[in-house]
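So you can see what is in the structure, the chains are spelled out below.
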Amino acid sequence: MNGKAVAPNIRMGIQAALAVALALLVNRLLGLERPYWGGLMAVVVIAGSWGENLGKLKQLLVGTVAAVGGSVAFLYFAGDRPLLVFPVCLVSLFLWAYYSPTSYAAASAWMGAFAIILVSSLSGHRHQIALLRGLQVLIGGSLGILVSAFILPVGVKDDLERRIVELESFLREAGRRAFAFLDGEGEETAGRVSTVEIYRRLAKVIEVGRTAANQYIIFPKRRREIAERINSLRRLALYVGGLTESLAACRERELTPGLAEFFRQAAALVDGSFAVCLGEIESGPSAEEALGGLRGLLTGEINARPGVFPRRDLAPFLMFIHYVRGLAETAAGVPPGLAVHPAGHTAGLTPPPALPASALDRSPGE
């Protein structure tokens with residue numbers, strides 16, 4: 001049965017109860033002391049999907065290893081001096097509370113250090129308590145992962161795919177709004193708001209992607225597929241963000257008929273690229289042919305108006321073509337690093353020819 005069909009609180013309650021029962025059973029069979037540690041660790045790792053749980057267990061194990069090593073070293077140094085033990089316990093509690101909102105691994109390390117140092121000092125068992133703590137974390141955490149993976153499991157694969165498609169659609173809409181603003185429609189702040197929202201959504205997709213990769217820890221091929229998909233989406237977000245910024249800079253110039261056609265064809269290429277990316281069409285027009293047309297339009301406009309387009313003002317247009325090329329190639333699945341025109345950073349544009357030296361010496365009236 002899929003865990004998504006069950007309410008989250010009921011699902012996690014069932015998983016936690018079974019994990020605790022198994023942890024206590026294993027402790028009884030092995031005759032270990034403090035079985036409640038194992039049961040507590042089984043409950044701690046159960047939080048959501050089993051990919052999230054696995055990520056949490058990894059941080060818990062890292063924190064526990066640090067706690068065991070640090071605690072054993074401190075207990076060896078402290079000896080039978082309680083005046084050193086109790087201040088360190090208080091500091092450990094403070095640091096646990098300090099790191100709890102930001103780092104689960106660090107919080108686990110300081111809580112583990114507090115438990116090991118305090119119990120070891122009170123019971124007189126130096127190394128045994130530390131090793132027992134590590135063993136209980138391993139037993140309880142592993143059983144919690146196994147239960148969440150096989151009893152009412154919840155994966156994040158579908159959630160990741162949904163978020164990726166939503167972000168791709170949002171990137172497409174952000175591009176459309178940027179071109180609409182270029183035509184005098186929309187608000188000036190739309191591009192800035194879109195850029196912030198793009199990276200906010202991208203951060204969430206990356207977070208869910210890490211969780212999904214945890215679910216395929218023993219399937220490297222599937223992990224690589226997820227990484228490639230996230231990297232492609234990251235490049236799309238980068239190109240759309242750059243596209244909106246370069247468009248804002250291009251808008252500062254007068255929108256001549258030639259430039260209007262240039263941006264119209266660019267908008268069609270960008271929208272067609274997203275249509276391919278979203279699976280609406282199997283293939284769009286040739287990116288090289290479309291980009292060649294864009295370069296031709298802009299070069300013609302530059303050559304036709306040499307006084308209107310000084311060379312220093314070409315940068316926004318060159319960056320714009322770079323971002324359009326990167327976006328089109330990313331949507332087509334071109335490997336990263338190829339989104340640069342072979343002619344170099346000018347993207348194949350030919351600036352207007354320089355005036356001869358004799359012409360520079362003439363006065364305007366000659």
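Placed above this text is the structure.
As a starting point, this report considers the structure included with it.

### So, the overall build of the chain
Regarding its fold elements, the chain presents 13 helices and zero strands. Considering only intrachain contacts with a sequence separation of at least 6, the fraction spanning at least 24 residues in the chain is 78%. For the chain, the accessible surface area stands at approximately 19,600 Å², while carbon and sulfur atoms represent 63% of it.

### Focus: the side chain of Glu-168
Along the polypeptide, Glu-168 turns up in helix 7 (residues 157-182). Of the buried charged residues, Glu-168 lacks a salt bridge, with Arg-229 as the closest side chain of opposite charge at 4.0 Å. Ignoring any residue separated from it by four or fewer positions in sequence, one finds Glu-168 in contact with Arg-229, Leu-233, Leu-236, Phe-274, Cys-277 and Leu-278.

### Some points on the environment of Phe-114
Note that Phe-114 resides in helix 5 (residues 104-123). Look past the residues within four positions of Phe-114 in its chain and what remains in contact with it is Cys-89, Ser-92 and Leu-93.

### Focus: the pattern of salt bridges
Under the definition given, this model contains 13 salt bridges. The partner of Arg-200 in a salt bridge is Glu-197, with the nearest N and O atoms 2.6 Å apart. One end of the pair is Arg-200 and the other is Glu-197, both in helix 8 (residues 190-215) and three residues apart, which spans about a single turn. Across the pair Glu-225 and Arg-222 runs a salt bridge, and its minimum N-O distance is 3.0 Å.

### Some details on a nonpolar patch on the surface
On the surface, Ile-10, Ile-14, Leu-18, Leu-146, Phe-150 and Ile-151 cluster together to form a nonpolar patch covering roughly 550 Å² of accessible area. Elements represented by at least two residues in the nonpolar patch include exactly helix 1 (8-30) and helix 6 (127-150). The element contributing the most residues to the nonpolar patch is helix 1, with three residues. By the element assignment, Phe-150 lies in helix 6.

### Some remarks on the packing of helix 10 (residues 257-277) against helix 11 (residues 287-304)
Interhelical geometry of helix 10 versus helix 11 gives an angle of 165 degrees and a closest axis separation of 9 Å. The angle between helix 10 and helix 11 places the two elements in the roughly antiparallel class. Here the hand of the crossing between helix 10 and helix 11 comes out left-handed. On helix 11, the residues that touch Gly-258, Leu-259, Glu-261, Phe-262, Gln-265, Ala-266 and Leu-269 of helix 10 are Ala-290, Leu-291, Leu-294, Leu-297, Leu-298 and Glu-301. Across the contact of helix 10 with helix 11, the residue classes break down as nine nonpolar, two polar and two charged.

### A few points about the packing of helix 2 (residues 35-45) against helix 6
Relative orientation of the contacting elements helix 2 and helix 6 amounts to 40 degrees, with a least axis distance of 7 Å. When the interaxial angle is binned, helix 2 and helix 6 end up oblique. For the pair helix 2 and helix 6, the sense of crossing is right-handed. The residues of helix 6 that touch helix 2, namely those facing Pro-35, Trp-37, Gly-38, Met-41, Ala-42 and Val-45, are Ile-129, Arg-133, Gln-136, Val-137, Gly-140, Gly-141, Gly-144 and Ile-145. Broken down by class, the residue content of the contact of helix 2 with helix 6 amounts to eight nonpolar, five polar and one charged.

### Brief notes about the packing of aromatic side chains
Pairs of aromatic rings are described using the distance from one ring centre to the other and the angle between the two planes. What the rule picks out here adds up to nine aromatic pairs. Relative to Tyr-98, the ring of Phe-94 has its centre 6.3 Å away and its plane inclined at 25 degrees; by these criteria the two rings are stacked. Taken together, the residues span about one helical turn, with Phe-94 and Tyr-98 both in helix 4 (residues 82-99) at a distance of four residues. The exposed category is assigned to Phe-94, whose relative accessible area is 55%. For Tyr-98, a relative accessible area of 54% corresponds to the exposed category. On the basis of an interplanar angle of 65 degrees and a centroid distance of 5.0 Å, the ring pair of Phe-262 and Phe-263 is categorised as edge-to-face.

### Brief notes about helix 4
Spanning 18 residues, helix 4 covers 26 Å between terminal C-alpha atoms, matching the ideal 26 Å at 1.5 Å per step. For helix 4, the complete set of buried residues consists of Val-85, Cys-89, Ser-92 and Leu-95. Across the axial projection of helix 4, the buried residues extend over an arc of 135 degrees, all falling on one side. What points out from helix 4, more than 90 degrees from its buried face, is the exposed set Leu-83, Leu-90, Phe-94 and Tyr-98.

### Observations regarding the nonpolar core
The biggest cluster of nonpolar side chains holds 46 residues, and the ones touching the most others in it are Leu-171, Phe-263 and Phe-320. Elements represented by at least two residues in this core include exactly helix 7, helix 8, helix 9 (220-250), helix 10, helix 11 and helix 12 (315-331). Ranked by the residues each element gives to this core, the list is headed by helix 9, at 10 residues. Grouped together as the second largest cluster of nonpolar side chains are 12 residues, Ala-16, Ala-42, Leu-57 and Val-137 included.

### Looking at helix 6
For the α-helix, the turn length of 3.6 residues means that residues three or four positions removed from each other point alike. Between its first and last C-alpha, helix 6 extends 35 Å over 24 residues, near the 34 Å set by a 1.5 Å rise per residue. Residue Leu-152 follows helix 6 closely and has a positive phi angle near 50 degrees.

Rules of the game
- Residues numbered from 1 in each chain as written.
- Predicted model: local features only at pLDDT ≥ 70, side-chain atom pairs only at ≥ 80, totals over all residues.
- Heavy atoms only, no water.
- Helix = DSSP H or I, 4+ residues; strand = E, 2+ residues; numbered from the N terminus.
- Contact = heavy atoms within 4.5 Å.
- Areas by Shrake-Rupley, 256 points an atom, 1.4 Å probe, with all protein chains shown as cover.
- Buried < 20%, exposed > 50% of the residue type's maximum accessible area, 1.4 Å probe, protein only.
- Lys, Arg positive; Asp, Glu negative; His and termini not counted.
- Salt bridge = Lys/Arg side-chain N within 4 Å of Asp/Glu carboxyl O.
- Patch = residues over 30% accessible without salt bridge, like charges linked within 9 Å, V, L, I, M, F, W, Y side chains within 5 Å.
- Axes fitted to C-alpha atoms, helices over the stretch in contact; angles between N-to-C directions.
- Parallel < 35°, antiparallel > 145°, perpendicular 65-115°, else oblique.
- Left-handed = near helix turned anticlockwise from the far one by under 90°.
- Nonpolar A, V, L, I, M, F, W, Y, C, P; charged D, E, K, R; others polar.
- Phe/Tyr/Trp six-rings, centres within 6.5 Å; stacked < 30°, edge-to-face > 60°.
- Expected span 1.5 Å × (residues − 1).
- Arc of directions from axis to C-beta.
- Core = buried A, V, L, I, M, F, W, Y, C linked by side-chain atoms within 4.5 Å.

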